[in-house]
Every structure is written in structure tokens, then in C-alpha cells.
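Report on the structure
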Amino acid sequence: MYQERQLAAILFTDIINSTAIMQKDEGIAIAVNKRYTSVLKQSVAVHNGRILNDYGDGSLCAFASTTQAVRCAMDMQRQLQTEPKVPLRVGLHVGEMFFEEGKVFGDGVNVASRIQSLGTANCVLFSAEVNNKLKNQHEFKTTTIGKFQFKNVDELIEVFAISNEGFELPDKKKMEGKLKEKKSFRSVIMLVLLFLILGTGTFFMYRHYLGRPGFTGKEKSIAVLPFEAVSSAKENDYINDGFTIDIIDKLSKLSGLTEVPAWARVKLYKNFKTNIIDIANELGVAAILTGTIQKQGERVRITADLTDVNSGKTIWHTDEDSKWGDVLTIQNEVAGKIATSLSAHLTEADQKDLKKKYTENAEAYNYYLKGRYFWDNRTPTTFDSAEFNYKKAIDLDPNYSLAYAGLADLYPYNQKGLSQLEAIPIAMDYINKALSIDSLLVPALATLGLIQSIYDHDWEKSKATLEKVIRLDPKYQWGHIFLGNLLVYTGENPKEGIAESRIAYELDPLSASINWILGRNFYYAGQIDSAEKYLKKAIVLNPRFPSTRNWLARIFIQRKDFAQAMDTIRKIPPSGNITNVEYQGTLLAYAYAVSGNRSQARIEIEKLLKDKSFYAHYYIAMAYVGINEFKLALDELEKSVQDKEIFLYFLKVDPVFFPLKNEPRFQAILKELNL
């Protein structure tokens, strides 16, 4: 594969404690982020650099000139000392970088990142290579901070700092960063004594294990990369992905592991060609699991390697050639061996989770994996395929609770082409069946909590259910999503609701759905700049996701940027879980109305009323509000209540309907919805 390589001055930046700032005060966090983004873009442009990666609260930039890179860093730190102040870490290095499949790699990038990790606010740190370029330039005063041994960097790196007036010099004793662990001499002596005490007999009994490298990381964190098929055949993709997802699920529930990146983050590395240590560093984990699966008839061969990122050595390996019927046992054993290899403490509950199987029937599991694979594609056609496979799984194992929960998830979002009055009772039948088999089944409980909100409008019961979901599995992102939605849409606690949505985002930051929901929730919480940021990210992640542009267009309408709103509306994909009749047609009518073109708005409404392919009363009501036909809007909302449309979820906080808030009929609707 062709790689574009170049020598550059590399600049890394990172806002210090950005997550903590957000948790403490969201308003301050947003102001800090906006200030940082503005200064970054301006300074990099002025000094002829390029922003290669913008992480939101950090960046990777490149410059052709070392002095321009340092001037840019100094310029940024000076500007960020004025209110709102931004505590920024900065690190620079000169080295080679290369591009592969749109990503930036290279030792130079790695070293710059490590130096940045040592930084403190209003401080500019850089390597000896950078310092050498500055020696003869009197505008720069530099001071050595000392030599450091960084993770995954073989030689000691001497780090320097700008000591010009107005810049901070860090205290080496207090500096923390991505440093290699120091081995304690005392620990080595104690280990030798322990071996002597154990005696020769014990040594020989365990010699196989003693000869294997151990885990050296500080944090017990692991990424499970997608298992690869040995052959190039695509028909077994669902097995590779499903096995990986289930390993991740098992590991993420273990209390002894600090971080296990979600499937949506690691699946981007499917069929990876990048060095796995670089991938681990991108994901911020101390260990990484890679493997292959080969299924041929009733046989399955699974290989796996667990690599310690700090040492680069394999600390556990397996090569299992077994019957397909043993796949669930192998899965549990792999998760257990990983936990043991990372020296993760396993509680009694952890041990129980590792042994748990939802079915003993491997063929039923095979159909379940197919069902989940199709469900994840989220189109009406693939939902039909998902339903077929889930039902095949249940035919083979009538007590397969996860398959019933999977069937339930097909119905709340209109993918089956049914009204809520038709769909939700079917979903509830499947949920009740799943919970009768396993009363603590998290996916079923989460869907139950959602239905208690969107259909029953029993907000208290829904909140209790969703809080139970989070207690049972704090890393189940949809529990946080549904609870966050409830807190925002009822108006009970929008700030806490955004915080719950953010937890889901941190668990799965590359999910288009979660970015869309977080953006939507910021919109309903009145924070449209933040809403725009996450909605645009969702579009980048999945340009065909139909819902995202709907809320992005609403933001432009709220800003009275009607030209951009119209352009966004016309780009709404014509298919998906919600048709363009609702999102494109009704929103277009509303946009025409509020922009002042009510005659065209009425024409668009007439088109909608003639189209019987789907009839969403909530969205027709929105169009009527736009042309100030409040009686007709209320008529449609009352029909929406009768049909229990899912969109009523938003009614209390939807700014479109604020003109109706003093209408007695509108207040009666809110009362009927327990709002």
C-alpha cells in the first residue's frame, strides 16, 4: 500500500482535564472548548501549519518549519491566558510521519504525543531536536527539564521548555505523563526470595508459566480488535463480529478491568494493517487482543494473542481446534484467561458472569449472531432478516432470552412499518418472555424502560427501570441514553440528562446514533452550538443516517439561516427508519412558513396530506404551527396522542411548539402525557 511520508515539525495539543471541566460546569466547558477551537484554527493558519486531526479537546498539527511550530504554540498559550482561560498541554518534536488510509502514523508523532502528556498549563515543551533548531534564534529562551523514558520509545528523550517571560516552567517532580514504569529494586529482591522459598519442585511444576512474560501495565485496560476470518469469504462475517462483540461484553462487565473500548470504536480496525501497538496507543489501552476464527462445517478453530503494550510482548496465546458446539465454552475461557493474564481481581459476581451462557445450543447462538448482525444494519429489509434469524434461534432453544430481547428491539422504531399501537404490544410480549426467563436481562430491561417512556408515558416507572439497568451494567450505553432522554425531555433535569448522554458517548464515541442523540439532546436543552457539533460528527460517521439532518436543519431555522436550512432539508436521505415524508416534507413546509413564505408552506402541506405512505400527526402539527394554524395543529397533536406516536417524547421541550404552550388544549395534552 502506498504511504506518503514527510519530515515535519509536529505539534500536539490537549485541554487538561476537559472531562472534569465538563462534569463540573457544562457552560464553562463549552466556553473553554469554543475559545480553544477558535485560537487553534487562527494560530495554525497564521503560522502556515495544518491541522491533521482535531479531537475536539486536542489536536495534531504539522508545520514545514520548526520555528513556525514553536511560534504557533507560544502564540496559542499567550492567547489562552485571557478569559475564558484554557489549560492547555503542548508538545513538539521533529520527525517523520506517514499517512495510511487517512490516518497519521510515525515515530515523530508518537514522541510528540508523549512529550505533550507531560505538559502543564501555559507551558511549551519540546524535544532536543526542536531545541537544536532554536539555539541560534535569540527570540527563544529555552531550558532543559530533564531526560525521560517514555512508553514504547526505546531511547531516553531530553525535554526542553520555553522560558521566555510569561511562560511557566513545569516542576519535574510533579510531572506526570505517558512514562515507562520504573521497576522497583526492592520488588526484584522480594521476587527472588519468593522463588527461593517456593523451592525447586514448585519451580518445575510451574516452569511453563514462569517462562512467559507478564503484564507490565499500570492500568488493567484492554482493547479487543475484531477477530479476522482465515479465509476471504464474507458469509461468516457475522461470526467474527459476533464473537468479538461477546468477548468485549464479557470483559466490560468485569470490575477488575478499568477500560474495554466498545465495539463501535474497535470495529474501525477491522482487517487492520497498522502496528497493533500504535492502535493500542490510539485507543489508550495497556493490552490488546487479536485473533482469528475459522469455521468449517462443525469444526471451529480460534487463535488469539494478548499483547502487553508496554513491553510489546505476547503474554497469552491460545490455538483452539474444537467442535462448533464448544464455541460458547471457548468464549468464556478466553475472557477468563485474559482477565487472569492482566492480573485483574475477579469478584464472585465476576466469576459468575464469566461462566454464564444464555444458551447451550451453539446453532441457536449462530442464528442469534446472524440476527444481531442484520439488526445492526437498521433498515426495513435487514430487520426482516434479523427477525427470521432470531426466530430460528428460538426454534432451537425456546428459552433463549437474548433472542426474545432481540425480537423486541425490532418494534419500537417503526422499522416494521407498523404504528406504535400495533408494534409496542408485540414488543412487550417478547420483553415479558425474555424477562420471564432472565429477570435481570439488561437489553430487555432497557427496552422496557424505553417503552415505559415513549408509549406508557409512565416517567417515574421508566426512570426506575433505567436506573436499575445502569446498576446492573454501568457500561450498557443504551441505559444511559434512554435515561438521559427522559431527564431532558421531561424537563426534570436537562443538565443531568446531558451528562447521562455523555456517558454513553464516552463508551461509544464513534456511534452515529449516539452522536445524533447527544446532538439532539443538546438541541432540546437549548445549547444549539454543542448540538451542531455532534450532529455534524454523526453525519461524518454515517452520511446516510436519516435523522441527523432533521435536527441540524432545525438549528439553522432557529438561527434564521433559512438558505442553509433548506439545503440541509433537501439532503435528508429518502429512506431509513423514518421516511422523508415526515422529515423532509413536513420540515420543508415548516421552514417555508417561518421564513415568511406561507403560501409555499401551504402548498407543501397539501402535498403531505395527499401522500398516504406514512402519516405522522406530530410532524403535520409542526407544519401547521409554522403557518399559525394553531387549531389545526392541536387537532393533529390530539390524533398523535391517540396513536401514541413516538415523537410525543419531545413535545414538552420542542421549541417548535412553544407558541402553543399557553393554549388550554396543549396543556391538556401535556397532562395526558404526564408532563
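Residues numbered from 1 in each chain as written. Predicted model: local features only at pLDDT ≥ 70, side-chain atom pairs only at ≥ 80, totals over all residues. Heavy atoms only, no water.

**Examining the pairing of strand 3 (residues 58-63)**
On a regular strand, one side chain projects to one face of the sheet and the next to the other, so that they alternate. Counting buried positions over the six residues of strand 3 gives six, a clear majority of the element. Along strand 3, one buried face is formed by Gly58, Leu60 and Ala62 and the opposite face, lined by Ser59, Cys61 and Phe63, is buried too. Pairing of strand 2 (residues 49-54) with strand 3, which is carried by five bridges, proceeds in the antiparallel orientation. Paired with Gly49 across the two strands is Phe63, which belongs to strand 3. Turn length for the strand 2-strand 3 hairpin, with the two strands adjacent in sequence and antiparallel, is three residues, and the turn residue Gly56 shows positive phi of about 90°. (Buried < 20%, exposed > 50% of the residue type's maximum accessible area, 1.4 Å probe, protein only. Helix = DSSP H or I, 4+ residues; strand = E, 2+ residues; numbered from the N terminus. Pairing = 2+ DSSP bridges.)

**Things to note about the side chain of Asp473**
As for its placement among the helices and strands, Asp473 is situated in the loop between helix 18 (459-472) and helix 19 (477-489). Buried charge Asp473 goes without a salt bridge, the closest partner of opposite sign being Lys253 at 4.5 Å. Contact partners of Asp473, with chain neighbours within four places excluded, come to Lys253 and Val442. (Lys, Arg positive; Asp, Glu negative; His and termini not counted. Salt bridge = Lys/Arg side-chain N within 4 Å of Asp/Glu carboxyl O. Contact = heavy atoms within 4.5 Å.)

**Thoughts on the confidence of the model for the chain**
With 89% of its residues at a pLDDT of at least 70, the chain reaches an overall mean of 84. In the model of the chain, helix 7 (residues 207-210) stands out as the element of lowest mean pLDDT, 40, in contrast to helix 29 (residues 664-672), which has the highest, 96. Taken as a whole, residues 183-211 scores under 50 in pLDDT and shows two contacts with residues more than four places along the chain or in a different chain. (pLDDT = per-residue confidence, 0-100.)

**Describing the nonpolar core**
Among the nonpolar cores identified, the biggest contains 165 residues, and Ile222, Leu251, Leu289, Leu637, Leu651 and Phe657 are the most heavily contacted of them. Other than its neighbours up to four places away in sequence, Ile222 contacts Leu251, Leu257, Glu259, Val260, Pro261, Val285, Ala287, Ile288, Leu289, Leu306, Ile338 and Leu342. Listed in part, the 34 residues of the second largest apolar core include Cys61, Leu80, Val90 and Val94. (Core = buried A, V, L, I, M, F, W, Y, C linked by side-chain atoms within 4.5 Å.)

**So, the packing of helix 22 (residues 528-541) against helix 23 (residues 548-558)**
Direction vectors running N to C along helix 22 and helix 23 enclose 150°, while the axes themselves pass 9 Å from each other. The crossing of helix 22 and helix 23 is left-handed. Within the contact between the two elements, helix 22 uses Ile528, Ala531, Glu532, Leu535, Lys536, Ala538 and Ile539 and helix 23 uses Thr548, Arg549, Trp551, Leu552, Ile555, Phe556 and Gln558. Taken together, the residues of the contact of helix 22 with helix 23 sort by class into nine nonpolar, two polar and three charged. (Axes fitted to C-alpha atoms, helices over the stretch in contact; angles between N-to-C directions. Left-handed = near helix turned anticlockwise from the far one by under 90°. Nonpolar A, V, L, I, M, F, W, Y, C, P; charged D, E, K, R; others polar.)

**Some remarks on the packing of aromatic side chains**
In total, this model carries 24 aromatic pairs according to the counting rule given. By the ring-pair criterion, three or more aromatic residues cluster together here, those being Trp459, Tyr489, Trp516, Tyr523, Tyr524, Trp551, Tyr649 and Phe650. One Lys or Arg, Arg520, reaches over the ring of Trp516 and ends 4.7 Å from the middle of that ring. A cation over a ring is seen here: Lys644 above Tyr455, with NZ or CZ 4.9 Å from the ring centre. (Phe/Tyr/Trp six-rings, centres within 6.5 Å; stacked < 30°, edge-to-face > 60°. Lys NZ or Arg CZ within 6 Å of the ring centre and 35° of its normal.)

**Digging into the pairing of strand 11 (residues 287-296)**
Note: strand 9 (residues 222-224) against strand 11, three bridges, orientation parallel. Directly across from Val224, in strand 11, lies its bridge partner Leu289. Note: strand 11 against strand 12 (residues 299-308), 10 bridges, orientation antiparallel. What sits directly across from Thr292, in strand 12, is Thr303.

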